[in-house]
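So you can see what is in the structure, the chains are spelled out below.
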Amino acid sequence: MLSRAAGKHARVAAWLLGCAVKPCHPGVLVLALACGAARVRADQVIVGGRDYPGVTVIAFEKGKLGFRPASGDIERSDLREIKLIVADSIADPKDFNDAEQYYKNKNVEQAVVRYERALRSARDFWITLILARLQQLYNEVGPLEMLVDNYAHLAERDAPSALALLPAPESLPAPKPGEVQVSLRRLLAAEGGATADRARAPLTLLRYAVMLRGGEQGLDELAPAVATAPLDADAAGATAYRLKLDALGHLRGTDLRAEVLSDIEEALESAPQAILPDLLLMKGRILLEDGKDRDTYIRAGWAFMRVAIHFPDDARAPEGLLGAAQVYERLGVPDKAVALVRECLASKPATETTREHARALQERLGGTKTRPAGHGRIKD
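All values reported here derive from a predicted model rather than from experimental measurement.

**A closer look at the packing of aromatic side chains**
Centre distance and the angle of the planes are the two values used to describe a pair of aromatic rings.
And step 1. Evaluated as defined, the whole model comprises 4 aromatic pairs.
And step 2. Judged by centre distance (5.1 Å) and plane angle (65 degrees), the rings of Tyr52 and Phe67 are edge-to-face. A residue pair is termed long-range when its members are at least 10 positions apart, and Tyr52 in strand β2 (residues 50–61) and Phe67 in strand β3 (residues 64–68) qualify at 15 residues. There is no split in this pair, since Tyr52 and Phe67 are both buried.

This is the structure in structure tokens:
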């Protein structure tokens, strides 16, 4: 039986249809169309502490939500920064909006149930958006098998969005007995079904992360695929590049580092500000490890110093100072290295791990005879 509201809508529709097929006065038809016109739908998005009421959500891709405010200028925001989406333009808004409220209130179980319901009637980019919201939840609380299954679906629909939401190995939920092996088999099967390298890349990276989390063997065999996996620079976060760096540790003596350095250079042109320090630190470490000549060391030093110079208040700035100090040590200029170590140790955002490495370097340099200042100076 139709509800009262549904019955009313049906009668209006039937009345309009009757007007369309039967002769009637033109003024009556215009009035009928005006009365039966669909209401204007409006969405709401809260990004960080900023509220955007009366907007229209128009897209979701590469981990970013696109919406048009009343001003007409399209905004794009990282999904991880979006606290709440109130959707009126989705086909069936109730389940989605309930899920968003549960998500905002950190009620994970209820949020998952509502998002799953919303998937049944969702269309187009809304499907990808819901899968991405589910991924955020699974990344936090698991279980690992559901995290992997959802990630495979997300990667199939939009690989860059999956890349943007790639969980770090240390943040993956603790696996249950046998869960790691099951998850790895599912990821391997999903990789085999991927039709393009860029669609396969996030799945390969997640498989590597799961292996790291579970302490599995076989990292050496997977490392080449991880180190050379193509990344979408607009979507890839620091986690993807950190996994690449870890993979490189298994590939010493090969020529794959050059390809990863090329990927980093490409990413530095378009990557978001938040991950630039990580990319620069990675570039510096690769060059420092490969330092076969003075020019390579100088390139490494400049990568490290760019972090300290351009991001002085960032927690990663002391790592840049320490890296530059290590470069000066290799160049045989211990006085410069000592000065940078002292600056690193005096930096408030320095982590305890960075301080430990800095103190070890300081101790190592303590008895080293200094050379004239300026010898081996880092130049661009």
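Continuing now.
**Remarks on the confidence of the model for the protein chain**
And step 1. Summarising the model, the protein chain shows a mean pLDDT of 84, and 84% of its residues fall at 70 or more.
And step 2. A low-confidence stretch, residues 1–39 (pLDDT under 50), is modelled with 11 contacts involving residues beyond four sequence positions or located in other chains.
And step 3. Low pLDDT, under 50, characterises residues 367–376; the stretch is placed with 17 contacts to residues that sit more than four places away or in other chains.

**Re the side chain of Asn150**
And step 1. Mapped onto the fold, Asn150 is located in helix α6 (residues 144–157).
And step 2. Taking the relative accessible area as the measure of exposure, Asn150 reaches 6% and is therefore buried.
And step 3. From its side chain, Asn150 meets the backbone oxygen of Leu131 in a polar contact 3.0 Å long.
And step 4. Residues within four places of Asn150 in sequence aside, it is in contact with Leu131, Leu134, Gln135 and Tyr138.

**With respect to the pairing of β3**
And step 1. With 5 bridges connecting them, β2 and β3 associate as antiparallel partners. Along β3, the bridge assignment pairs Ala59 with Gly66.
And step 2. Hairpin connection between β2 and β3: a loop of 2 residues separates the two successive antiparallel strands, and Lys62 in this loop has a positive phi of roughly 55 degrees.

Scoring rules and cut-offs
Residues numbered from 1 in each chain as written. Predicted model: local features only at pLDDT ≥ 70, side-chain atom pairs only at ≥ 80, totals over all residues. Heavy atoms only, no water. Phe/Tyr/Trp six-rings, centres within 6.5 Å; stacked < 30°, edge-to-face > 60°. Helix = DSSP H or I, 4+ residues; strand = E, 2+ residues; numbered from the N terminus. Buried < 20%, exposed > 50% of the residue type's maximum accessible area, 1.4 Å probe, protein only. pLDDT = per-residue confidence, 0-100. Contact = heavy atoms within 4.5 Å. Polar contact = N/O pair within 3.5 Å; in protein donor to acceptor, adjacent residues only side chain to side chain. Pairing = 2+ DSSP bridges.

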